[in-house]
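Overview (structure and organization)
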Amino acid sequence: MSGYRIAVIIEEIGQSYQSSILDGISSAADEFGLNILAFTSFSGDMGNARHDVGEFNIFNLPDFNDFDGAILLTNTIYYKPVGNIVLDRIKKAGIPAVSIDKDVPPFFYIGIDNKTAMRKITEHMINEHGFTRFAYISGPPGNTESSDRLAGFSSVLEENKLKITEDAIYYGDFRAPTGKLAVEQFIECLPEMPQAIICANDVMAASAITTLTSHGYSVPDDIAVTGFDNTYNSHNYQVELTSVERPLGLSGRLACKMLYNHLRGISQERSVILNMSTCFTESCGCGHNALSDLSELKKLNYRNYSNFESIQTYMSILNRISTQLLACNNFDEYISTLKRAAVEIHPDEFYFCLCDNWDSETTVENSTGSDSSSEKVPVTFTEEVIVPIAYVNGEFINCGKFKSKDIIPPSVNTGDNGKLFFVTPLHFGERCLGYMAIRSTKLALQNIMFQSFCINISNSLENIRKLMCLEYAIDRLGKLYAQDTFSGIYNRNGFVLATSELYDKCTEEQLSIMLMFIDLDGLKGINDTYGHNTGDQAICNIADVLRDSCEKEIFCRFGGDEFIIFGADYTEEAAKNLTLRIQNNIERINKSKINPFKLSASTGFIIATPKKGEDIFNFVTEADKQMYKEKKKKKLSNYLKS
């Protein structure tokens, strides 16, 4: 890609807050010609630490030295050490960065005055409505925005000499389930329910309202509820939510503009504090019910129907893709199925990038064991990735391999700037499989269902990996059954399997076969003189001799120091030539002086035409007899020489 290359670090892109900021980034990317790579993860709500490790690994993928700048939403990363590591890496790379809603000097900063905004909400509830009994639903304690909002709320209560107990403050994570859990805690623990519940964002507030309603409380008649960020109105919730209007889309756009200005050498302030406004409406007892307006009701019904239809379409496609992928029996079938899925969701660009060790057989159990010599599960991206799928502007192209730090195949150059890619991890637990890079599909990517799409892709890929590993294991078992693990050549079982078809052909067509028996001379003496390890080397020497001597013949270790060779459609002359090659190769080893002993072997062969029902090992016995005749001659010759 040409033009400025910008990394975005963000988590949970399906949430309203993140989605609104990304909309601003997307529009500005086109305006300023920036190519945006948004590295995103989904974690924190799975209750699985190993899954989270695999998700967070996506933030290790970018080499920030290769980027012109970064936009940071590290406040969205629930596990703070991960965000801190990213910040340190960007500082070390020395590239300009804009941090949204978390001031991280010396980076540029875009934010709002959270304390003042929350103070206005709280003061309104006290001064306009006369509330004195409050509960508060907070974000994570370590989150800057969360802490500032709670501080603003607490300061107003303190100034008005109002107290709040620990049980009346619930620390959540800005997600919807937090609102439900908080209300249930208030109902269970508080001696008296509050007059008002102040929430640190709209998502938790909306969930709190639903839970209150299910317990028989009316909002705002029984309990008033307020939110923050003013994102939940877009969900068309029936009770209009009192909230703080903040320009999230503008935050994204300004982040892009600040980087663009810096890269062009245009002077600007390090920080920008955006204006916000409070929206006092139905959920706190202000305003009117928007549903009393018939035209608004029709618009609401239409929007709700459109959203429902969109969700139904998304889920239908997602379920079909997931089912088809899980039904695949091999990797080629899996890739073909995923290609059809790519066509169906019709992205402008889609890259399915796999680590070159993605099909590794190492197990999670090995990685956590105490044996330091055991192999570890691959948990990092490999230097190179393979790209079995590259779908660009409606066509599949071949990208082969490329450096993972490039993220997008450098061979692909559409000539366009102003692109926004979502880069998501492929993993199973902490096992790193690769990543996907997607740009602009007909299905919304800034949607919670995109998380399900990514999880299903990863799980089905892991299913294929395990099937492949099972095939590898079966293949190894087959080799163990057929292969002499010591010398590496066939054992008896392998010999029978390898010769079966040729032997049957010779029997049916009445062709001559050759069976040769080879016996290593003096193995006991070698073992007694030099030790069994040296004797083992002698056995392996003979196996090497057979590999070098045999061309189309089939051979095996028959047992101990004995070997046999089979030849189909064979002549006595060919057998003599084979015997000569064997003896010459033995002599070659002796001349090399790699052994402290003289390698020697006795051979004997038989040429015969097999009859139906006659077992191949009948001929082995005859060849064995011929070999012993040869061995006796050697012993007699050695005796006469001595």
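Our subject in this report is the structure included herewith. Predicted model, so just to flag it, every value in this text is computed and none were measured. (Residues numbered from 1 in each chain as written. Predicted model: local features only at pLDDT ≥ 70, side-chain atom pairs only at ≥ 80, totals over all residues. Heavy atoms only, no water.)

1. Focus on the overall build of the protein chain
Condition: A helix here means a DSSP run of H or I that spans at least four residues, while a strand means a run of E at least two residues long, and both kinds are numbered starting from the N terminus. Exposed residues in this analysis have more than 50% of their type's maximum accessible area, buried residues have under 20%, and partly exposed residues fall in between, with area computed by a 1.4 Å probe over protein chains only. Per-residue accessibility takes into account occlusion by the displayed protein chains alone, with areas from the Shrake-Rupley method and a 1.4 Å probe.
Secondary structure assignment for the protein chain yields 17 helices and 22 strands. Looking at the 642 residues of the protein chain, the share that counts as buried comes to 50%. Accessible area for the protein chain stands at about 29,800 Å²; split by element, carbon and sulfur atoms hold 49% of it.

2. As for the sheet that holds strand β7 (residues 169-171)
Heads up, the rule is: Strands are labelled as partners when DSSP assigns at least two bridges between them. Convention adopted: a line fitted to C-alpha atoms gives each axis, helices being fitted over their contacting stretch, and angles between N-to-C directions are expressed from 0 to 180 degrees. Whether two residues are in contact is decided by their heavy atoms: any pair within 4.5 Å suffices.
Taken in spatial order, the four strands line up as β7-β6-β8-β9 in an open sheet, and their pairing is parallel. The open sheet is flanked by β7 and β9 (224-226), the only strands paired with a single partner. Taking each pair of neighbouring strands and ignoring which way they run, the sheet shows an average axis angle of 15°. Across three bridges, strand β8 (residues 196-199) lies against β9 in parallel orientation. Pairing of A196 across the sheet is with A224, part of β9. Against the sheet, helix α5 (residues 144-159) engages β6 (134-138), β7 and β8, with an angle of about 170° to β6. Here helix α6 (residues 176-189) sits on the sheet in contact with β6, β7 and β8, set at roughly 145° to β7.

3. Comments concerning the state of the cysteines
Heads up, the rule is: Any pair of cysteine sulfurs within 2.5 Å is marked as a disulfide.
Counted by the stated rule, this structure contains zero disulfides. Of all cysteine sulfurs in the structure, the one in C399 sits closest to C353, which takes part in no disulfide; the separation is 8.1 Å.

4. A closer look at the nonpolar core
Note the following rule: Grouping buried Ala, Val, Leu, Ile, Met, Phe, Trp, Tyr and Cys residues that are joined through side-chain atoms within 4.5 Å yields what is termed a nonpolar core.
Formed by 147 residues in total, the largest nonpolar core has its most connected members in F39, I71, F134, I197, Y334, F352 and Y435. For this core, the element with the highest residue contribution is helix α12 (residues 448-482), accounting for eight residues. Setting aside its immediate chain neighbours within four residues, F39 contacts A7, V8, I9, I10, I58, F59, L61, P62, F67, I407 and V423.

5. Things to note about helix α16 (residues 572-592)
Under the convention used in this document: To estimate how far a helix should reach, multiply one less than its number of residues by 1.5 Å.
A rise of 1.5 Å per residue sets the reference length of α16, with its 21 residues, at 30 Å; its end C-alpha atoms lie 31 Å apart and thus fit the reference within 8%. Summarising the contacts, the buried residues of α16 are in contact with β19 (513-520), α15 (532-549), β21 (562-568) and β22 (601-608). Backbone geometry just after α16 places K593 at a positive phi near 55°.

6. Some points on the pattern of salt bridges
Rules: Salt bridges are defined by distance alone: a side-chain nitrogen of Lys or Arg within 4 Å of a carboxyl oxygen of Asp or Glu.
Counting across every chain of the model gives 32 salt bridges. With its nearest N and O atoms 3.9 Å apart, the salt bridge here joins E553 to R581. Of the two residues, E553 sits in the loop between α15 and β20 (554-559) while R581 sits in helix α16, which places them 28 residues apart along the sequence. Take E553: its relative accessible area is 9%, and that puts it in the buried class. Through salt bridges that share partners, D101, E145, R149, D229 and R246 make up one connected network.

7. Notes on the packing of α6 against helix α7 (residues 202-214)
Put simply, the rule is: Roughly parallel means an angle under 35 degrees; roughly antiparallel means over 145; roughly perpendicular covers 65 to 115; every other angle is labelled oblique. Whether a crossing is left-handed or right-handed is set by the direction in which the near helix is turned from the far one by less than a right angle, anticlockwise for left-handed and clockwise for right-handed. Charged means Asp, Glu, Lys or Arg here, nonpolar means Ala, Val, Leu, Ile, Met, Phe, Trp, Tyr, Cys or Pro, and polar covers whatever is left, Gly included.
Running from amino to carboxyl end, α6 crosses α7 at an angle of 45°, the nearest separation of the two axes being 7 Å. What the angle tells us is that α6 and α7 run oblique. As α6 runs across α7, the sense of the crossing is right-handed. Taking contact as the criterion, the partners of A176, T178, G179, K180, V183 and E184 in α6 are, on α7, V203, M204, S207, A208, T211 and L212. Grouping the amino acids of the contact of α6 with α7 by side-chain chemistry returns six nonpolar, four polar and two charged.

8. A short note on α5
Our working definition: The arc in question is the one traced by the directions running from the helix axis out to the C-beta atoms. Polar contacts, as used here, are pairs of N or O atoms within 3.5 Å; protein pairs need one atom able to donate a hydrogen and one able to accept it. Residues neighboring in sequence count only if both atoms are side-chain atoms.
Look at α5: 22 Å from first C-alpha to last across 16 residues, which is about the 22 Å you get at 1.5 Å a residue. Buried within α5 we find E145, S146, R149, L150, G152, F153, V156 and L157. Summarising the axial view, the buried residues of α5 lie within an arc of 155°, below the 170-degree limit, and thus occupy one face. Contacts made by the buried residues of α5 are with α1 (16-32), α4 (114-127), β6, β7 and β8. Where α5 starts, the residue carrying a side-chain oxygen 3.0 Å from the main-chain nitrogen of E145 turns out to be N143. Looking one or two residues beyond α5, the residue adopting positive phi is K161, at roughly 55°.

9. Overview of the packing of aromatic side chains
So the rule is basically this: Two aromatic rings, drawn from Phe, Tyr or Trp (for Trp, its six-membered ring), form a pair once their centres lie within 6.5 Å of each other, and the interplanar angle then sorts them: stacked below 30 degrees, edge-to-face above 60, tilted otherwise. Over a ring means this: the NZ of a Lys or the CZ of an Arg is within 6 Å of the ring centre and within 35 degrees of the ring normal.
Tallied over the entire structure, the rule returns 19 aromatic pairs. With a centroid separation of 6.0 Å and 75° between ring planes, the pair formed by F381 and Y435 is classed as edge-to-face. Of the two residues, F381 is situated in the loop between α11 (364-368) and β14 (384-392) and Y435 in strand β18 (residues 431-439); the sequence distance between them amounts to 54 residues. Residue F381 shares its accessibility class with Y435, and that shared class is buried. Their ring planes at 45° and their centres at 4.6 Å tell us that Y391 and F396 sit as a pair that is tilted. Under the relative-accessibility criterion, Y391 is labelled buried at 3%. Taking relative accessible area as the criterion, F396 reaches 35% and is therefore assigned partly exposed. Cluster of aromatic residues (ring-pair linked, three or more members): F495, F517, F558 and F617. Between K339 and the ring centre of F396, over which it is positioned, the NZ or CZ distance is 5.3 Å. Just above the ring of F558 sits the side chain of R492; from NZ or CZ to the centre is 3.8 Å.

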